[in-house]
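Structural overview for review
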Amino acid sequence: MPLAVESGVFVVKNRRKNPLKIIPYVGCKSGFTDIFDKIIPTNIDEKIYDIFGGGGSFSFYACQRFGSYRVNYNDNNPVLVNLINELQSHPTELWEVYEDHYQKSSVEHYYEVREIPLVDGVESAGNFLYLAKNAFSGKIRFNSQNKFNSPIRKGSSCPKLDLQALQNLSEIIRDMAITNFDYREFKEVKNSLLYLDPPYFNNTKGHYNGVLKLKNFKSFLRRVEVYNNVVLSEQNDPALFGLTKNYKVFPITLNRSLQYITQTGSNEIIACNY
Ligand SMILES: C[S@@+](CC[C@H](N)C(=O)[O-])C[C@H]1O[C@@H](n2cnc3c(N)ncnc32)[C@H](O)[C@@H]1O
């Protein structure tokens, strides 16, 4: 039986200045906060796992709304995890590293920084922050060895980073757990809310460090949906995931694609099993 699709379409609004965002990340959900407000009930008292955390926008949102001690950010990419760790523990030092790049910024400087390893400590995190905020069309891309390989954005100057905004975001995520695991490590989680925003299946663009096997993801989903509230973000037809009729499916319209800032518009879904 086909799944019931909720009537009415959610439209994503992208604000230029968003306090719950640190980098322009492919697939970033920072524009979805109004939608999460409607989909996730206020009275949940469970732990919240953002298992494909990426740029962290869902985790930041969940920390602000439910308290950071309830939230676990996870991603299997150590470069992203290092950035979120340093944002939490050393926001001022992170800003200082970025500010130094801001002063020196040029095309040559960008490509020099791109050669430095990005996975360890505040210096690395500041280097990655500089690259991420100056990458071409916000298209942050990694190869399968987690090496950042985006070209520089043409023709525009390095954006200024607001120290107070960074410190505020750090405070919002103060007690958040931060992990660097493969998603399958979470298969035994129970009595929690799991936000699942995997790399979109059937997408050949290769933005992230790898793609998931649909068969593995489906068996993970079949397991965790029994014991948890699950919220799944995707672009494909929900039938691909064999969702039961317990799921509600919400169509989402984006005024611009989450894949490319230069593209106009795309459609997505959010499905939840409660
Ligand atoms: C669509 S993005 C998530 C975007 C995120 N919600 C945001 O707002 O920025 C998918 C993320 O899954 C991560 N990822 C890919 N394979 C993974 C795996 N096997 N386990 C955990 N994370 C994985 C990628 O590094 C990427 O950051």
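All figures in this text were calculated on a predicted structure; none of them were measured in a lab.

What follows deals with the overall build of the protein. When helices and strands are tallied, the protein shows eight helices and eight strands. Looking at the 274 residues of the protein, the share that counts as buried comes to 54%. For the protein, the computed accessible surface area is about 12900 Å², with 50% contributed by carbon and sulfur atoms.

Let us look at helix α5 (residues 107-114). Taken together, the buried positions of α5 are H109, Y110, V113 and R114. Along the axis of α5, the buried residues cluster in a sector spanning 140 degrees; they form a single face. Set apart from the buried face of α5 by more than 90 degrees, the exposed residues are E108 and E112. Residues of α5 that are buried in the fold lie against α4 (91-104) and α6 (121-134).

What characterises a pair of aromatic rings is the spacing of the ring centres plus the angle enclosed by the ring planes. For the coordinates displayed, the defined rule picks out 22 aromatic pairs. When the ring of F201 is compared with that of F217, the centres are 5.3 Å apart and the planes differ by 40 degrees; the resulting orientation is tilted. Pair noted here: F201 is in the loop between β5 (192-196) and α8 (214-227) and F217 is in helix α8, with a separation of 16 residues, a long-range link. By the burial criterion, F201 is buried, and F217 matches it. Ring-pair connections join several aromatic residues into one group, and the members of that group are F52, Y183, F201, F217, F220 and F241. Positioned above the aromatic ring of Y49 is the side chain of K47, whose terminal nitrogen or guanidinium carbon lies 5.2 Å from the ring centre. Note that K154 overlies the ring of F136, its terminal NZ or CZ placed 5.5 Å from the centroid.

Consecutive side chains of a regular strand alternate in pointing toward one face of the sheet and then the other. Burial runs high along strand β6 (residues 229-234): six of the six residues are buried. Burial along β6 is two-sided: N229, V231 and S233 and V230, L232 and E234, pointing in opposite directions, are all buried. Of the strand pairs in this sheet, β5 and β6 are connected by four bridges, and their pairing is parallel. By the bridge assignment, L193 is partnered in β6 with N229.

Take the site of the ligand next. The ligand sits among 24 residues. The nearest are Y25, S57, D75, D182 and D197. For the ligand, an oxygen atom lies 2.9 Å from a polar atom in the backbone of G55. One of the side-chain N or O atoms of D182 is found 2.8 Å from a nitrogen atom in the ligand. Within the complex, 98% of the 610 Å² of free accessible area of the ligand lies under protein. In terms of residue class, the shell around the ligand is made up of eleven nonpolar, nine polar and four charged.

What counts and what doesn't
- Residues numbered from 1 in each chain as written.
- Predicted model: local features only at pLDDT ≥ 70, side-chain atom pairs only at ≥ 80, totals over all residues.
- Heavy atoms only, no water.
- Helix = DSSP H or I, 4+ residues; strand = E, 2+ residues; numbered from the N terminus.
- Buried < 20%, exposed > 50% of the residue type's maximum accessible area, 1.4 Å probe, protein only.
- Areas by Shrake-Rupley, 256 points an atom, 1.4 Å probe, with all protein chains shown as cover.
- Arc of directions from axis to C-beta.
- Contact = heavy atoms within 4.5 Å.
- Phe/Tyr/Trp six-rings, centres within 6.5 Å; stacked < 30°, edge-to-face > 60°.
- Lys NZ or Arg CZ within 6 Å of the ring centre and 35° of its normal.
- Pairing = 2+ DSSP bridges.
- Near = heavy atom within 4 Å.
- Polar contact = N/O pair within 3.5 Å; in protein donor to acceptor, adjacent residues only side chain to side chain.
- Nonpolar A, V, L, I, M, F, W, Y, C, P; charged D, E, K, R; others polar.

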